[in-house]
Amino acid sequence: MSLTLHFHPLSSYCWKALVALYENDTPFTPHMVNLGDETERAALLKLWPIGKFPVLQDDARGAIVPESSIVIEYLDRHFPDHTRFIPDGDLGLQTRLRDRFYDLYVHTPTQKIVGDRLVPADKKDAHGVAMARAQLTTSYGMIDRQMVTNAWAMGAAFTLADCAAAPALYYANKVHPFGDAHRNVSAYLGRLLARPSFARVVKEAEPYAHMFPQE
Ligand SMILES: N[C@@H](CCC(=O)N[C@@H](CS)C(=O)NCC(=O)O)C(=O)O
């Protein structure tokens, strides 16, 4: 088995990579990283000086692959199976755009709200959090319109964009609930949660769920 995923089971971007790995039952060794442990953090920094996970290591090709979208594109290229994550041609561009959308306009504002819960009272950023909430409301409106007829982010096929959407929407709904105005977004998250790959990711994270910062 040449692949190792450096990850943490509660990390939303690691969820994104795990969904892709589980979709195709791609064999890999999970390596849990505790960033609170100096030795483990130093080992991750050695692989990827940015110090964020997931990081995929492929010993067969001597490759270190950071960034969840790139991890998934790497899997699609070198370990293709029944779920293809990035279609060819212009559909591929649209898929990447939707992946960027979920990362930048759902995941990032969600991280801002969660991150603000972790800082001391005198370091809170009320304005930044309000902007993040406004961004999420705008994004929910866009997704709600896309999901009137779509089963998945790109239509009938499950792709990279759904790998991005699953953790982003799961955590976004926790910190900024979809509400009655975004029923199509709720229904989409329901479909994602019923998808075996994502259901497995959520189940495996349950023992760590208490670490998620509540309001
Ligand atoms: N753009 C990166 C984002 C990765 C990311 O933000 N990972 C978070 C966990 S969800 C992390 O490593 N946080 C630890 C830190 O920033 O110290 C990706 O797509 O992989």
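For every chain, the first residue of the written sequence is number 1, and numbering continues from 1 onward in sequence order. Selection of residues for local features in this predicted model requires a pLDDT of at least 70, selection of side-chain atom pairs for listing and counting requires 80 or more, and totals for whole chains, interfaces and linings are taken over all residues. Calculated side-chain values reflect all of the structure's heavy atoms, with hydrogen atoms and water omitted.

As annotated in an unreviewed UniProt entry, the chain carries the name Glutathione S-transferase and is attributed to Tardiphaga robiniae.

Participant: Any chance you could break down the overall build of the chain for me, citing the residues and the numbers?
Facilitator: Secondary structure elements follow DSSP: runs of H or I no shorter than four residues count as helices, runs of E no shorter than two count as strands, and numbering proceeds from the N terminus. When helices and strands are counted, the chain shows eight helices and four strands. Helices (α) and strands (β) of the chain occur, in sequence order from the N terminus, as β-α-β-α-β-β-α-α-α-α-α-α. The C-alpha radius of gyration computed for the chain amounts to 17 Å, which stays within 12% of the reference 17 Å derived for 215 residues, consistent with globular compactness. Seen along its three principal axes, the alpha-carbon backbone of the chain occupies a region of about 50 × 45 × 30 Å. Only protein chains enter the area calculation, which uses a 1.4 Å probe; residues under 20% of their type maximum are buried, those over 50% are exposed, and those in between are partly exposed. Counting the 215 residues in the chain, one finds 50% classified as buried. Long-range pairs, those at least 24 residues apart, make up 69% of the contacts in the chain between residues at least 6 apart in sequence. In this treatment the radius of gyration is a C-alpha quantity, and the globule benchmark scales as 2.2 Å times the residue count to the 0.38 power. Contacts were defined at the residue level, with two residues in contact if any of their heavy atoms lie within 4.5 Å.

Participant: Any chance you could break down the UniProt feature "domain: GST N-terminal" (unreviewed entry) in the chain for me, citing the residues and the numbers?
Facilitator: UniProt positions are given in the numbering used here, feature names are shortened, and annotations may be inferred rather than shown by experiment. Residues annotated by UniProt as "domain: GST N-terminal" (unreviewed entry) correspond here to residues 1-83. In residues 1-83, helix accounts for 40% and strand for 20%; the two terminal C-alpha atoms are 20 Å from one another.

Participant: Hey, could you go over the pairing of strand β2 (residues 29-32) for me, with residue numbers and the actual values?
Facilitator: Pairing of strand β1 (residues 3-7) with β2 involves four bridges; the strand directions are parallel. If you follow Thr4 over to β2, its bridge partner there is Thr29. Criterion used throughout: strands pair if DSSP finds at least two bridges between them.

Participant: Outline the site of the ligand, supporting the account with residue identities and numerical values.
Facilitator: If you check the shell around the ligand, you find Ser11, Ser12, Tyr13, Leu35, Lys52, Phe53, Pro54, Glu67, Ser68 and Gln111 and nothing else. Between the ligand and Ser68 there is a distance of 2.6 Å, counted from an oxygen atom to a side-chain nitrogen or oxygen. Throughout this description, a polar contact denotes any pair of N or O atoms lying within 3.5 Å of each other; where both atoms belong to protein, one of them has to be capable of donating a hydrogen while the other can accept it, and for residues adjacent in sequence the pair is counted only when both atoms sit in side chains. Gln111 has a polar side-chain atom sitting 3.3 Å from an oxygen atom of the ligand. Accessible surface area values rest on a Shrake-Rupley calculation with a 1.4 Å probe, where residue burial reflects the displayed protein chains alone. A total of 510 Å² of accessible area belongs to the ligand in isolation, and the protein chains cover 76% of it. What makes a residue near a molecule or strand is one non-hydrogen atom of that residue sitting within 4 Å of it.

Participant: Would you mind going over the pairing of strand β4 (residues 63-66) in detail, with residue names and values included?
Facilitator: Note that strand β3 (residues 55-58) and β4 share four bridges and pair antiparallel. From the neighbouring strand, Val55 faces β4, where its bridge partner is Pro66. Following β3, the chain reverses through four residues before pairing antiparallel with β4; Gly62 in that reversal takes a positive phi of roughly 65°.

Participant: Which residues make up the pattern of salt bridges, and what values do they have?
Facilitator: The working definition used for a salt bridge is a side-chain nitrogen of Lys or Arg within 4 Å of a carboxyl oxygen of Asp or Glu. Inspection of the entire model under this criterion finds 14 salt bridges. A salt bridge links Asp76 to Arg84, with the nearest nitrogen and oxygen atoms 3.0 Å apart. For Arg84, a relative accessible area of 45% corresponds to the partly exposed category. Because the salt bridges share partners, they merge into one network encompassing Lys16, Asp99, Arg100 and Asp103.

Participant: Give me the lowdown on the sheet that holds β4, citing residues and values where you can.
Facilitator: Ordered by their spatial adjacency, four strands build an open sheet running β2-β1-β3-β4, and the pairing between neighbours is mixed. Each of the sheet's edge strands pairs with one partner strand only, and the pair in question is β2 and β4. Each neighbouring strand pair of the sheet contributes to a mean axis angle of 20°, computed without reference to strand direction. With respect to the sheet, helix α2 (residues 38-47) is in contact with β1, β2, β3 and β4, its orientation differing from that of β3 by roughly 70°. Under this scheme, a helix contributes an axis fitted over its contacting stretch, all axes are lines through C-alpha atoms, and angles between N-to-C directions fall in the 0 to 180 degree range.

Participant: Got a sec to walk through the domain arrangement of the chain? Specific residues and values, please.
Facilitator: Domain borders in the structure are assigned automatically or taken from a domain database. Structurally, the chain comprises domain 1 (3-78) and domain 2 (89-206). Relative to domain 2, the C-alpha centre of domain 1 lies at a distance of 21 Å. Contact residues are listed per partner, giving 15 residues for domain 1 and 22 residues for domain 2. When domain 1 packs against domain 2, close to 1700 Å² is buried across both sides, 63% of that on carbon and sulfur atoms. For any pair of parts, buried area is found by adding up, for both, the accessible area (1.4 Å probe) each one loses once the two are put together. When residues of domain 1 are sorted by the area they lose upon contact with domain 2, Tyr13, Trp15 and Tyr22 head the list and together hold 39% of the total.

Participant: Tell me about the UniProt feature "domain: GST C-terminal" (unreviewed entry) in the chain, residues and numbers included.
Facilitator: Taking the numbering used here, the UniProt-annotated feature "domain: GST C-terminal" (unreviewed entry) corresponds to residues 92-211. Helix makes up 72% of residues 92-211 and strand 0%, whereas the separation of the span's terminal C-alpha atoms amounts to 36 Å.

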